[in-house]
Amino acid sequence: MHEIKLRARAKINLTLDVIGKQSNGYHTVCMIMQTLSLYDGIYIKRIDKPVIRIKSNLDWLPTDEKNLAYKGAELLRDTFHIQEGVFIYLDKKIPVAAGLAGGSTDCAAVMVGMNKLFKLGLSKKRLMELSLQLGTDIPYCILQGTALAEGLGEKLTPIANGCPFCYVLLAKPNISISTASVYQALELEKIQKHPNTKEMLFQMQQKDITEMGKLLCNVLETVTIPRHNEIALLKQKMLILGAEGSLMSGSGATVFGLFKEKQKAKEAEYIIKKEFGLRDVFVTEIWNKRKRKHFHK
């Protein structure tokens, strides 16, 4: 095998709770993460020259060691003394720096792809352990599906049966949010509403999307909404347009809404795009592992 194509899927956080801060400054979290059908296309090809070359459909995207996909390839080449190089093409569909793990999922796909291309024989667990060196979202992006994430986000428990199917409307405001600055500004003692993670998991098993919508909760909104009211306005608009619930994903700035009907989601997409003047608004859907046979297609 000399080349491989993969789908690097986006994620959302159905709940995100911050429950403490460690002495090293890192925060301990408890959150339910969910994979979406929305994906970046990843193409990897073995090349004779011992270098990592990255190209993308976004000409402004970094293609050097600033890119997580590059770091993933470099980590495996260095760790397993791979003599050949790789050419990687990233067909970006997931908005960048949006709270949807676009960079992390690209990195995860590259590591999964190189494991196959170079016949490294690494288990999923081993790949996840290695990837943690590069970021706490990457092990989840290798795991995929529905999972409870604890610790720094690296302690992952897959959720049996996963999240019930529904349509997901994504809308990214024209703002840039620094994850580090959000966590730094978070005042744990002032958070009044925390997610009911146990109840969310129960309603997920009941396949009750309406109740799940009511339970969507992200404590990081206590920082981002006062700074960027557009996030609150987008959430409100999605609810008016028929979403069962709406929330900011991760540290933002993307807002998502859960819809039972595709038609309602598409109508909301059109209205929000027009009213808010946003480019990155689209309908995708919940994706679970049981519906696929392989990570790559």
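Residues numbered from 1 in each chain as written. Predicted model: local features only at pLDDT ≥ 70, side-chain atom pairs only at ≥ 80, totals over all residues. Heavy atoms only, no water.

Draft legend 1. Highlighting the packing of aromatic side chains. Under the definition given, this model contains two aromatic pairs. Ring geometry for tyrosine 43 against phenylalanine 87: centres 6.4 Å apart, planes inclined by 65°, an arrangement best described as edge-to-face. Pair noted here: tyrosine 43 is in strand E2 (residues 27-47) and phenylalanine 87 is in strand E4 (residues 85-91), with a separation of 44 residues, a long-range link. A relative accessible area of 22% places phenylalanine 87 in the partly exposed class. Between phenylalanine 165 and tyrosine 167, the aromatic rings sit 5.1 Å apart at their centres with planes inclined by 80°, giving edge-to-face as the arrangement. (Phe/Tyr/Trp six-rings, centres within 6.5 Å; stacked < 30°, edge-to-face > 60°. Helix = DSSP H or I, 4+ residues; strand = E, 2+ residues; numbered from the N terminus. Buried < 20%, exposed > 50% of the residue type's maximum accessible area, 1.4 Å probe, protein only.)

Draft legend 2. Structural detail: the packing of helix H1 (residues 68-79) against helix H2 (residues 102-117). It is the contact of H1 with H2, at a shortest axis distance of 7 Å, that shows an interaxial angle of 30°. Taken together, H1 and H2 sit at an angle that is classed as roughly parallel. Classified by chirality, the crossing of H2 by H1 is right-handed. Each of Leu68, Ala69, Gly72, Ala73, Leu75, Leu76 and Arg77 in H1 lies in contact with H2, whose residues at this interface are Gly103, Ser104, Asp106, Cys107, Val110, Met111, Met114 and Asn115. Broken down by class, the residue content of the contact of H1 with H2 amounts to nine nonpolar, four polar and two charged. (Axes fitted to C-alpha atoms, helices over the stretch in contact; angles between N-to-C directions. Parallel < 35°, antiparallel > 145°, perpendicular 65-115°, else oblique. Left-handed = near helix turned anticlockwise from the far one by under 90°. Contact = heavy atoms within 4.5 Å. Nonpolar A, V, L, I, M, F, W, Y, C, P; charged D, E, K, R; others polar.)

Draft legend 3. Layout of the environment of glycine 99. Mapped onto the elements of the fold, glycine 99 is located in the loop between E4 and H2. Using a relative accessible area of 17% as the deciding quantity, one classes glycine 99 as buried. Placed 155 residues apart in sequence, glycine 99 and threonine 254 show a C-alpha to C-alpha distance of 6.1 Å. Those residues within four positions of glycine 99 in sequence are excluded, and the remaining contacts are Lys11, Asn13, Ser249, Gly250 and Gly252.

Draft legend 4. Examining the sheet that holds strand E11 (residues 281-285) more closely. Taken in spatial order, the four strands line up as E9-E10-E7-E11 in an open sheet, and their pairing is antiparallel. Every other strand in the sheet has two partners, leaving strand E9 (245-248) and E11 as the edge strands with one partner each. Here the strands of the sheet are splayed against their neighbours by 25° on average, with no regard to which way each runs. (Pairing = 2+ DSSP bridges.)

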